[in-house]
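# Structure assessment
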Amino acid sequence: MRAVFITGGTTGIGMELAKLYLSRGWRVGVCGRSRQKFDDNFTTHLDHLTFYGLDVSNRKDLKAAIADFSKSSGLDLLIANAGIGYIHKTKVPDFEYSYKMVEINLFGVMYSFEAALEIMIPSGKGQLVAMSSIAGYNGLPGVSAYSATKAAVQKYTESLHLDLKQFNIAVTTICPGFVETPLTATNRHSMPFLVKAPKAAVLIARAIEKKKMIYAFPFIFASIVRFISILPRTWYRFIITKKAFNYSKE
Ligand SMILES: NC(=O)c1ccc[n+]([C@@H]2O[C@H](COP(=O)([O-])OP(=O)(O)OC[C@H]3O[C@@H](n4cnc5c(N)ncnc54)[C@H](OP(=O)(O)O)[C@@H]3O)[C@@H](O)[C@H]2O)c1
């Protein structure tokens with residue numbers, strides 16, 4: 001039986017991925033800070049599912065959980081999905097919250113990969129996946145630390161994709177556009193090309209299966225964002241400061 005560990009698997013994209021892999025007969029480990037969310041959202045396949053209550057910014061706890069989960073049947077796939085977004089978008093950054101975001105969105109990915117590699121390198125196989133965002137392609141107004149952490153994740157995984165090939169370990173970066181989850185539920189701006197979470201999970205799992213280096217979706221929105229990212233920055237500033245695009249109003 002193949003085994004996947006998903007960080008931030010109690011709600012949203014991580015939860016949908018966990019349910020998808022369970023339905024495909026995988027052993028699944030999920031972590032999150034809230035046992036309650038886990039209990040509320042998972043009622044079936046419980047014999048193949050293990051929950052670890054922890055904060056991904058705690059390196060020691062995460063390492064212990066991934067090692068414990070992998071004891072019985074190894075680890076084929078690690079999805080570093082846990083992340084937080086901004087509840088309020090502001091022009092003056094909330095620095096305390098931004099530091100927390102770096103710990104969760106960036107260090108959380110690094111800690112997950114570190115723990116998974118301790119199992120995957122000796123076993124000579126595996127796949128690491130990190131959840132970036134299309135918000136990582138450009139420095140978006142009002143969400144500076146979010147854009148920064150997601151850009152950092154993209155570059156971190158791009159390097160590892162090259163480095164870990166020799167160990168037979170694939171690395172995949174996922175860059176979703178807007179997905180309907182608790183994270184986006186508080187957004188007050190428009191969310192073009194919004195994707196339902198179960199559909200996002202299917203698309204992500206397909207990209208993982210194909211061992212893509214980077215997968216951004218939905219296609220049209222991701223293509224627009226990627227095109228904007230290669231424009232001269234003066235052009236980017238011109239576009240993003242237009243009223244329709246600039247949702248940093250506070
Ligand atoms: N939704 C989107 O439009 C979108 C777009 C691009 C990228 N993403 C990325 O996709 C990932 C999942 O987002 P989502 O939309 O599914 O959000 P979500 O529904 O809020 O889910 C986030 C998950 O991460 C967990 N989590 C948050 N902080 C944690 C921490 N410190 N330690 C352990 N677990 C933690 C949450 O569980 P607990 O609350 O139980 O801790 C939850 O299971 C994030 O990395 C996000 O940045 C989302």
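A brief structural summary.

Cut-offs used in this document
- Residues numbered from 1 in each chain as written.
- Predicted model: local features only at pLDDT ≥ 70, side-chain atom pairs only at ≥ 80, totals over all residues.
- Heavy atoms only, no water.
- Axes fitted to C-alpha atoms, helices over the stretch in contact; angles between N-to-C directions.
- Helix = DSSP H or I, 4+ residues; strand = E, 2+ residues; numbered from the N terminus.
- Parallel < 35°, antiparallel > 145°, perpendicular 65-115°, else oblique.
- Left-handed = near helix turned anticlockwise from the far one by under 90°.
- Contact = heavy atoms within 4.5 Å.
- Nonpolar A, V, L, I, M, F, W, Y, C, P; charged D, E, K, R; others polar.
- Phe/Tyr/Trp six-rings, centres within 6.5 Å; stacked < 30°, edge-to-face > 60°.
- Buried < 20%, exposed > 50% of the residue type's maximum accessible area, 1.4 Å probe, protein only.
- Lys NZ or Arg CZ within 6 Å of the ring centre and 35° of its normal.
- Pairing = 2+ DSSP bridges.

## Examining the packing of helix 4 (residues 95-123) against helix 5 (residues 144-163)
Contact geometry of helix 4 with helix 5 gives a least axis separation of 9 Å together with a crossing angle of 15°. Classified by the angle between their axes, helix 4 and helix 5 sit roughly parallel to one another. Note on packing geometry: the crossing formed by helix 4 with helix 5 is right-handed. Facing helix 4, whose interface residues are S98, M101, V102, N105, L106, V109, M110 and F113, helix 5 presents A145, Y146, T149, K150, A152, V153, Y156, T157 and L160. Here the contact of helix 4 with helix 5 is built from residues that sort into 12 nonpolar, four polar and one charged.

## As for the packing of aromatic side chains
Counted by the stated rule, this structure contains 12 aromatic pairs. A ring pair is formed by F5 and Y52, whose centres lie 5.8 Å apart and whose planes are at 40°; its orientation type is tilted. Taken together, the positions of F5 in strand 1 (residues 3-7) and Y52 in strand 3 (residues 49-53) put the pair 47 residues apart, joining distant regions of the chain. By the burial criterion, F5 is buried, and Y52 matches it. For the pair F193 and F221, a centre-to-centre distance of 5.7 Å together with 25° between the ring planes defines the contact as stacked. One end of the pair, F193, is in the loop between strand 7 (179-180) and strand 8 (195-196); the other, F221, is in helix 7 (residues 219-229), with 28 residues separating them in the sequence. By relative accessible area, which is 13% here, F221 ends up buried. An aromatic cluster is present here, built from F5, Y52 and F69 joined pairwise through their rings. Positioned over the ring face of F238 is K242, at 4.1 Å from the centre of the ring.

## Section: the sheet that holds strand 6 (residues 169-176)
The parallel open sheet is built from seven strands, whose spatial order is 3-2-1-4-5-6-9. The open sheet has two edge strands with one neighbour each: strand 3 and strand 9 (214-217). Each strand axis lies, on average, 15° off the axis of its neighbour in the sheet, ignoring direction. Where strand 5 (residues 126-131) and strand 6 come together, six bridges link them in parallel fashion. Across the sheet, the residue bridging to A130 is T173, located in strand 6. Packing against the sheet, helix 3 (residues 59-73) makes contact with strand 1, strand 2 (27-32), strand 3 and strand 4 (77-80), and its axis sits at approximately 165° to strand 1. Along the sheet face, helix 4 touches strand 1, strand 4, strand 5 and strand 6 and points at about 175° away from the line of strand 5.

The analysis is restricted to geometry; functional conclusions fall outside its scope.
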